[in-house]
Amino acid sequence: MKSRFLILAAFCALVFGLPTSGLAQRPGGQTELSTVQRLDVMSSKLDHMRRSLSSAVSAMPEDKSKTPNPDDPAVRLRGLEKEVSRLMSDVNDIRSKNDKAEKFDATALDRLEASVAELNTRVETGLQQTASARGGAATSSSDKKEKKKKGKFFGLFGGGEDKYAELTGAPVAGRDRVLFEEAAKEVRKNNYDTGRLLFATIINTYPDSPFLPLAKLAIADSFYLEGTTSALIQAAQAYQDWLTFFPTDPLADDASLKVAEAEMRQMGLSDRDISHARKAEMRLKVLLQQYPKSSLRDTVEARLREVQENLAMHNLQIARFYYDVKYSTGKGGLKGSQSRLKEIVDKYPCFSFNDEVYYRLGATYQAEEEPDEAARYYQKLVQEFPDSQFNEKAREQLNIIGAPIPEKGTPNPCSKRQQTSFMGNLMTQISGKADVTINKNGILISKDGKEGTDLIDEALKYNGQLPVKFTPDAPQTAPRGGAPTAPVDSKTRNASSGATPSAAATPAPSPAVIKP
C-alpha cells in the first residue's frame, strides 16, 4: 500500500512539476525564462515586425526600374523584411533542435535576442522615416482592387488585413484617430495581433499624433489581455518601455502596477520557481517609493503582502527541510534552517505562519545551547499568537529553560491565516499557480469591456487626451462617466504626475491620478 502511494506521489510530482522543468539556472540560484519561452517571445516580436513591414511595403508605389535604388524607401523596407525572415528562420531552426532534444549552442539564443532587439529598433526607425513616402498604389490601381475583391469572395471573406491597407498607407490628416478606434475594436474582439499592428502604425506613421502615448500603452494592454506566458513577458516589457518614455504621465503608477501584476500572473507555488515573485516584490516596492501619494497605494500594499506571503513560505519550506531532514538525521542543516527563519522574521513580519517560524527559531537556538535567544522567540509566540497550535509547546520549552512565561499580549494583526478549502487547495496544486489577487484588465481596455465603458473611449472622446477628471488636479468626487470636462494637453498631464524624482525625470510629487 505504501509503495503504491509513493508511486502515485512520484507520478503527480512528475506531471504537476512540468511547469518548472527545463528552466535554466542563474548563478544566483533564480530561474530565468525557459528556452521555449525565449523562442516564443522572439517569434512574436519578429512576426509583429514582419506584419508591420508587409503592410508598409504594400502601400508603397511600385519601382519599375530594372536597377533597384538602395535609397528607395520600398527597397529599404524590403531589405528589413529579408532580415526579419532570416532571423525568423534562425529562431525556427533552434526551436526544431530544442523540440527534438538535439544539442545546440546555448549562446546562440543570447545572440539571437540581441539581434532581434537591434533589428526592432531599425525597423521602427525605418517605418517612421519612410512614412511620407507611402503612396496609395495599393488602393489606386483598379486592377489591384479587382484582385482584392476576387480574393475576398465578393469582398466579404478572406483577404486577411486588406481592409486596413488604406489605413496603414500614406499619412493622412485625421487618420490616426480612425486607426486608434479600429485598433481598439480589434483588441476587444481578441484580434490582438491586428490591433497591435494598427496601434503600431500610429507610432510609426504619425509621430506627432496626440494618440501616440496612448497607442504605446494600448499595445502593452493588448499583451496583458492576451495573457499567455509569452504575451505577459512582452506586456511587462512594453509597460516598462512606456514608463521610460512617459515617466511623469498621470497613468504612470497604473503602468508600474501592471508590470508587477504581469509578473504575479506568472508566479508559481512557493515550492517552485520564485523568480517572478521576487521581480513582483521589487516592482511593488519601487512603485510605493516613486508614487507615495498614489490612489493605488492600498491596492499595491495588498498585492505586496500576497507576494511576500509566497516568498516567506518558500523560505519556511526550505527551513523545514534543513531542520526536519538534515538536522534530525545528523547531517547538519541547523544553521541553514536558522538563517532562512531569521530572514522571514526580518523581511516578512506579516507572514501568516510566523507562529511556526518563532517556534522553529526557538528550537534552533535551544539546540545550539543559547537559551536566552530561544526564550525570546518562544515568548514572542506566546504573546502574539495566543491561539496557535505551537503555543503550548512554547510554554513547555519556557518551563524547561526556566524563563518566565509572559501574559497573552495583543495578537499580531497582520498575520491572520486564510483558510483554504480542500478542493481549493487541490486545484491550486494542480494548476501550479500562486493563489494571488490580480486584476486581469488593462489600463485603457478591460477584459470584457464594451465600447463606451473604458478609459480608451474617453481618450477617443477627447481626441487622444484624458479629461481633467482623470488627472491629479481634479476633485476626488468626480464620478466615472459623469459630466464631460475639458481635456488636458500632454504638457499639463506630464507636469501633474505624482512621481517622485527618478533617473528619467524629477518632477515634484503631487496627488495621484483619479482612476476610472
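How each quantity is defined
Here the residue numbers are simple positions, counted from 1 along each chain's written sequence. With pLDDT at 70 or above as the cut-off, local features in this predicted model cover only qualifying residues; side-chain atom pairs require 80 or more to be listed or tallied, and sums for whole chains, interfaces and linings still use all residues. The side-chain values count all of the structure's non-hydrogen atoms but skip hydrogen atoms and water molecules. Counting from the N terminus, the helices are DSSP H or I runs at least four residues long and the strands are E runs at least two residues long. With a 1.4 Å probe rolled over the protein chains alone, any residue whose accessible area is under 20% of its type maximum counts as buried; one over 50% counts as exposed, and the rest are partly exposed. By definition in these notes, contact holds between two residues if any of their heavy atoms fall within 4.5 Å. Geometry of aromatic contacts follows a simple scheme: Phe, Tyr and Trp rings, the Trp one being its six-membered ring, pair when their centres are within 6.5 Å, and the pair is stacked under 30 degrees between planes, edge-to-face over 60, tilted otherwise. Known as pLDDT, the predictor's confidence for each residue is given on a scale from 0 to 100. Residues belong to a common nonpolar core when they are buried Ala, Val, Leu, Ile, Met, Phe, Trp, Tyr or Cys residues joined through side-chain atoms within 4.5 Å. Every definition here rests on a 1 Å grid over the protein atoms only: cavities are sets of points where a 1.4 Å probe fits but cannot get out, pockets are open sets enclosed by protein on both sides within 12 Å along at least five of seven lines, and lining residues have some atom within 4 Å of a point. Grid points are joined across faces, edges and corners, and a volume is the space filled by probe spheres set on the points. Think of it as three bins: nonpolar holds Ala, Val, Leu, Ile, Met, Phe, Trp, Tyr, Cys and Pro, charged holds Asp, Glu, Lys and Arg, and polar takes everything else, Gly as well. One fewer than the residue count of a helix, multiplied by 1.5 Å, yields its expected span. A carboxyl oxygen of Asp or Glu within 4 Å of a side-chain nitrogen of Lys or Arg is what we treat as a salt bridge.

Participant: Mind showing me how you'd approach the side chain of R175 here?
Facilitator: Positionally, R175 belongs in helix α7 (residues 175–188). Looking at R175, the relative accessible area reads 14%, which means it is buried. Leave out the neighbours within four places in its chain, and R175 touches E166, L167, A170 and Y206.

Participant: So what exactly am I meant to see when it comes to the packing of aromatic side chains here?
Facilitator: Where two aromatic rings form a pair, the distance of their centres and the angle of their planes describe that pair. Per the stated rule, a full pass over the model turns up 12 aromatic pairs. Between F245 and F246, the ring centres sit 6.3 Å apart and the planes meet at 45°, which makes this aromatic pair tilted. Residue F245 is classed as exposed on the basis of its relative accessible area of 56%. Owing to a relative accessible area of 15%, F246 belongs among the buried residues under this scheme. Where Y358 meets F385, the ring centres are 6.0 Å apart and the plane angle is 65°; that geometry is what we call edge-to-face. Taken together, the residues span a long stretch of sequence, with Y358 in helix α15 (residues 354–367) and F385 in the loop between α16 (371–384) and α17 (391–401) at a distance of 27 residues. As far as the burial class goes, Y358 and F385 line up, both buried.

Participant: Help me understand the confidence of the model for the chain in this model?
Facilitator: The predicted structure's coordinates, where accompanied by low pLDDT, should not be read in detail. Mean pLDDT over the chain works out to 76, with 71% of the residues at or above the 70 mark. Counting contacts from residues 136–161, a segment whose pLDDT is below 50, to residues more than four positions away or on other chains yields 28 contacts. Note that residues 471–486 has pLDDT below 50 and, in this model, 33 contacts with residues that lie over four places away or in other chains.

Participant: Explanation requested: the nonpolar core in the structure shown.
Facilitator: Among soluble globular proteins, nonpolar side chains are generally buried collectively. Grouped together as the largest cluster of nonpolar side chains are 90 residues, with contacts concentrated most on F180, F199, Y239 and L444. Leaving out residues up to four positions away in the same chain, F180 has contacts with F199, I202, F211, L214, A215, I456, A459 and L460. Counting residues in hydrophobic clusters, the runner-up holds 21 residues, among them L46, A108, L109 and L112.

Participant: What is the right way to read the layout of surface pockets from this model?
Facilitator: The probe, sized like a water molecule, is rolled over the atoms to show the empty space still left. Looking at the largest pocket, its volume works out to about 1,200 Å³. Lining the largest pocket are 46 residues, and of these K45, N120, Q237, A238 and D241 sit closest to its centre. Secondary structure elements with two or more residues in the lining of the largest pocket: α2 (35–58), α4 (107–129), α8 (192–205), α9 (212–226), α10 (229–245), α11 (252–264) and α12 (275–290). Looking at the lining of the largest pocket, the element that brings in the most residues is α4, giving 11 residues. Of the residues belonging to the lining of the largest pocket, the class tally is 18 nonpolar, 15 polar and 13 charged.

Participant: What is the right way to read helix α3 (residues 73–99) from this model?
Facilitator: One turn of the α-helix equals 3.6 residues, which is why residues spaced by three or four share an orientation. The end-to-end C-alpha distance of α3, which contains 27 residues, comes to 39 Å, matching closely the 39 Å that a straight helix rising 1.5 Å per residue would cover. Among the residues of α3, A74, L77, L80, V84, L87, M88, V91, I94 and R95 are the ones counted as buried. The elements touched by buried residues of α3 are α2 and α4. A positive backbone phi angle near 60° is found at A101, which sits one or two residues after α3.

Participant: Would you take a moment to explain the pattern of salt bridges for this structure?
Facilitator: Pairing between side chains of opposite charge can happen when their charged atoms approach one another. If you walk through the whole model with that rule in mind, you get 25 salt bridges. A salt bridge links K189 to E186; the nearest nitrogen and oxygen atoms lie 3.9 Å apart. E343 is the partner of K347 in a salt bridge, and the nearest nitrogen-oxygen pair spans 3.3 Å. Here K347 and its partner E343 are both found in helix α14 (residues 334–347), 4 residues apart, which amounts to about one turn of the helix. A single network of salt bridges, built from pairs that share partners, joins R320, D324, E356 and R360.

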